[in-house]
Amino acid sequence: MNVLELIDVSKTHAGSPRAGSYPRASAVTALHSVTLAIAHGEFVAITGPSGSGKSTLLAIAGTLERPSGGTVRLLGQPAHSLPDRDLCAIRAAMIGFVFQQFHLVPGLTAVDNVATALLYRGVPAASRRRAAAEVLADVGLAHRAGHRPAELSGGECQRVAIARAMVGQPAAILADEPTGSLDTAAGHDVIALLAGVNGRGTTVIVVTHDPDVAAAAGRVIRLRDGRIAAGGDAT
Amino acid sequence: MKLIARRRETTANSTGTTEGGSTADTANNASNASSAAATGGLQPSRMRPADVWPLAALGLATRPLRALLSAVGVAIGIATLVAVLGISRSSQAQLVAEIDTLGTNLLTVSAGSDFSGQNAALPASAPGMIARIGQVISAAAVGDVSAQVYRNDRIPAANTEAITVYWADTDLPRAVQAQLADGRFLTRATARYPALVLGAAAATALGVDRADGSVQVWLGEHWFSVVGILRPVALAPELDRTALIGRPVAHLLFHAGAAPAEIYVRANPASLAAVQPLLPYAADPAAPQDVSIADPADALIARADAASAFQGLFLALGGIALLVGGIGIANVMVIGVLERQPEIGVRRALGARPQHIAVQFVAEAVLLAAAGGAVGAVAGGFATFVYAASRHWDAVVPWPVLLAAVGIAVVVGALAGVYPALRAAWLAPAEALRLR
C-alpha cells in the first residue's frame with residue numbers, strides 16, 4: 001500500500017491582501033498538477049532549487065496545508081477532503097515532522113520536548129516522559145535529557161527533534177531540510193538516524209538541498225517550478 | 001544505535017491505558033463515530049485537562065520578566081479595589097462602633113420657626129415636662145446667656161473666639177454622655193456662683209489647660225473660675241465651643257431667661273421611636289408644630305454614607321486600572337503569539353487542534369491575571385491594615401472581597417486572553433512553520 005499518493009495536485013498561494021506589502025504580491029502557483037506515489041518503507045528525498053515548491057509539497061503531504069486542487073491520499077485517507085479534526089488526528093497518530101530550525105520549545109528540557117509529541121494524544125504525563133526518555137536514549141542523548149535546547153548543540157537539537165518525530169510511532173516521518181542548519185558531521189549523524197528509522201520500516205520523506213541526504217535516499221524526486229522533473233513514479 | 005522496535009510496544013501500551021481517561025474535547029462527540037470510521041478508527045486528538053495548567057505555567061515561566069510586568073496592571077487594579085473596600089469597611093466599622101458606644105438614643109429638642117418664620121422659643125417648663133415622659137432617662141437643657149467670655153479683662157471686645165455662653169442644667173453630661181478632661185461639671189452648688197465649664201475647643205481657644213479653680217476668665221464683666229473642661233462631645237459637637245455656667249448664676253448676673261435653647265433627651269433605646277412623636281407636645285403643648293426634633297446619630301450615619309460616596313469614585317478608578325491591566329495582558333499575549341508562531345506550528349504538526357492552542361493561550365492569560373490578582377489582593381489588604389493602624393482603627397478586610405477580587409482578575413484574564421488565543425488558534429500551520 002502506498003503511504004502517500006498525490007494525484008494532479010496543485011497549490012496556488014493567494015496574493016497577500018495585507019496592507020504594507022508593496023508591491024502587492026500577486027497569486028503564486030507553487031505546485032502544478034503534481035502526481036506521485038510513495039510506498040510504505042521508502043526513503044525519498046525531494047530536491048530542487050529554491051522556490052520549486054518543495055516545502056509546499058511537504059506541507060501538503062503532511063496535511064499542514066490543503067491543496068488548491070487534486071487528490072491527496074495519505075495512508076488511504078482522502079486528506080484533501082477530510083475535516084480539520086481528522087487531519088489533526090492523522091498528524092497526531094501517523095506522521096512525525098522534523099524541521100530545519102528544529103522548532104523545539106525553548107522552556108522545555110530535551111525529554112519534555114520529545115514528550116510533547118504525545119501531549120495531544122491524551123497520554124498521561126508520566127507515560128509521556130517514560131516513552132520520551134526511551135526514544136531519547138535510542139538517539140544517543142540519554143545524558144542530555146535534562147538539558148534545555150539552548151544548552152544543546154545544533155546536531156543534538158536535531159536529534160531531539162527526530163526523537164520527537166519518532167516517539168509517536170508514526171507511519172511516516174516528514175523532514176524539511178533536516179541537515180540545513182548543521183555542519184557536515186552533525187548532518188551525517190542525522191542522515192544515519194533517519195536511515196536507521198527507515199530501516200525499521202518507517203517511511204521517510206526528506207526535502208533537502210543536501211546531496212548527502214539525496215545519496216542516502218532510495219529515491220530522489222526532483223522538482224522544478226512546481227512540477228516534477230524526475231522520480232515521480234514509485235520504483 | 002539501540003533497537004527502536006522494542007519501544008513500539010511500550011508506547012502502544014502507554015497510549016492504550018488512557019483511552020478511558022477524560023479529555024479536553026467534550027464537544028463533537030456525536031460526530032466522532034463517523035469521522036473515526038473515515039480515518040480508520042483514529043482517536044481524535046485530545047489533551048488531558050490535567051495538562052492545561054502546566055502548559056500555561058510553562059509559557060509564562062519561559063518569559064518571566066514579561067509575565068511579571070504584564071501582571072502588574074491587574075495587581076494595581078485589584079489592590080485598589082481591595083484597599084478601597086477594606087478602608088471604607090474599616091472606617092464604617094469604626095463609626096458603627098463609635099455610634100454603639102455613644103448610643104443612638106439621644107434626641108435633641110430645639111425651637112423651630114413659628115408660622116410667620118420667626119424663631120420660636122421653647123417654654124421654660126419644657127425640660128420638666130419632657131422628663132415626665134415614662135421612657136425618658138434624662139433631659140437636660142442649655143439656654144442662651146447674653147454675655148461673651150474672654151481670657152481676661154484686657155482682651156478687645158471683638159475677640160470673642162466665637163465662643164457661645166450657655167447656662168446648662170447640672171445633669172447635662174449624663175444626657176449627652178460628655179466626659180471631663182479636667183475638673184468637674186457644674187453642681188447644684190457651683191451653679192449658683194461664678195464658676196464655668198469650658199468645651200474642648202473653647203478651652204483651647206482661651207488657652208486654659210487646667211480646671212483646678214486657679215484659672216479665672218472674664219465673662220460678661222465678671223470673673224468666673226474654670227471648674228471643668230469637657231472632652232469633645234461626639235453626639236453634641238456644638239457644645240465643644242461653649243462656656244457653660246449655672247442657670248441660677250446666669251439669671252442672677254445676666255437676667256437670663258429660663259427658656260431653653262436646646263434640650264438633650266436620653267430615652268430608653270427600645271422606646272426611642274415611641275418617645276420621639278411625644279416630644280413636641282411635651283415641650284410646647286401650645287405650639288407643638290414649632291418644635292424641632294433631631295437625632296444626632298443621624299449625623300454620624302450621614303458621615304458614614306459620605307465616606308461611601310467617595311468609595312464609588314475610587315472603585316471606578318480601580319476598575320479602570322483593572323481594565324488597563326487587562327488590555328496590557330492582551331497586548332503582551334498578542335506579541336507572544338507573533339513570537340511563538342513556530343511553537344504554535346509545531347503543536348499543530350504534533351496533532352493539536354485549534355481549540356487546544358486556544359485553551360493554552362487563554363489559560364496563560366488567566367494564570368497571569370490570577371497571579372496578579374492574588375498579589376494585588378494581598379497588597380490591598382496590607383494597605384488597609386497600614387491605613388487602619390495609622391488611624392487606630394481595627395482593620396476590616398472581608399474574605400468575600402478578597403475572593404471576589406481574585407475572581408474578577410480571572411475573568412479579566414480570560415477576556416484578555418480570548419483575542420490572542422483566537423489569533424493563535426486560527427494561524428495556518430504551514431504559515432506558522434514558514435513552509436510557504
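Thresholds, definitions, all that
Residues numbered from 1 in each chain as written. Chains lettered and ligands numbered in written order. Predicted model: local features only at pLDDT ≥ 70, side-chain atom pairs only at ≥ 80, totals over all residues. Heavy atoms only, no water. Axes fitted to C-alpha atoms, helices over the stretch in contact; angles between N-to-C directions. Helix = DSSP H or I, 4+ residues; strand = E, 2+ residues; numbered from the N terminus. Parallel < 35°, antiparallel > 145°, perpendicular 65-115°, else oblique. Left-handed = near helix turned anticlockwise from the far one by under 90°. Contact = heavy atoms within 4.5 Å. Domains from an automatic or database assignment. Pairing = 2+ DSSP bridges. pLDDT = per-residue confidence, 0-100.

Engineer: Teacher, can you tell me more about the packing of helix α13 (residues 354–390) of chain B against helix α14 (residues 399–426) of chain B here?
Structural biologist: Think of two packed helices as two axes; the pair is described by the angle between the axes and how far apart they sit. Residue and element names in this part refer to chain B. Between α13 and α14, the shortest axis-to-axis distance is 6 Å and the interhelical angle comes to 150 degrees. With respect to α14, the element α13 is oriented roughly antiparallel. Crossing geometry of α13 relative to α14 is assigned as right-handed. Two secondary-structure elements touch here, α13 through P354, I357, A358, F361, V362, A365, V366, A369, A370, G373, A374 and A377 and α14 through L402, V406, A409, V410, G413, A414, G417, V418, A421, A424 and A425.

Engineer: Could you clarify how one ought to interpret the domain arrangement of chain B in this entry?
Structural biologist: One frequently used descriptor of interface size is the decrease in accessible area upon assembly of the parts. Taken domain by domain, chain B consists of domain 1 (49–98 + 307–435) and domain 2 (116–295). Inter-centroid distance (C-alpha atoms) of domain 1 of chain B to domain 2 of chain B is 59 Å.

Engineer: Looking at this structure, how should I read the pairing of strand β10 (residues 227–230) of chain A?
Structural biologist: A regular strand carries its side chains on alternate faces of the sheet. Here strand β9 (residues 219–224) of chain A pairs with β10(A) via three bridges, running antiparallel. Bridging across to β10(A), R222(A) finds its partner in A230(A).

Engineer: Looking at this structure, I do not really get the sheet that holds strand β1 (residues 2–13) of chain A. What am I missing?
Structural biologist: Strand pairing within a sheet occurs via backbone hydrogen bonds; the two strands may be parallel or antiparallel. Residues and elements named next belong to chain A. The four strands lie next to each other as β2-β1-β4-β5, forming an open sheet whose pairing is antiparallel. For this open sheet the edge positions go to β2 (28–39) and β5 (77–78), each flanked by a neighbour on one side alone. Both strand β4 (residues 69–74) and β5 contribute to a ladder of two bridges, which runs antiparallel. The residue of β5 that forms the bridge with R73 is P78.

Engineer: Help me understand the confidence of the model for chain B, please; the structure alone is not making it clear to me.
Structural biologist: Close inspection of predicted coordinates is inappropriate for parts of the model with low pLDDT. Residues and elements named next belong to chain B. Considering every residue of chain B, the mean pLDDT works out to 86; 90% of them sit at 70 or more. Within chain B, no element has a lower average pLDDT than helix α1 (residues 5–16), which sits at 41, and none a higher one than strand β9 (residues 242–246), at 96. Every residue in residues 1–39 is under pLDDT 50, and counting partners more than four places away or in other chains gives 68 contacts. Here the predicted complex scores 0.73 on pTM and 0.94 on ipTM.

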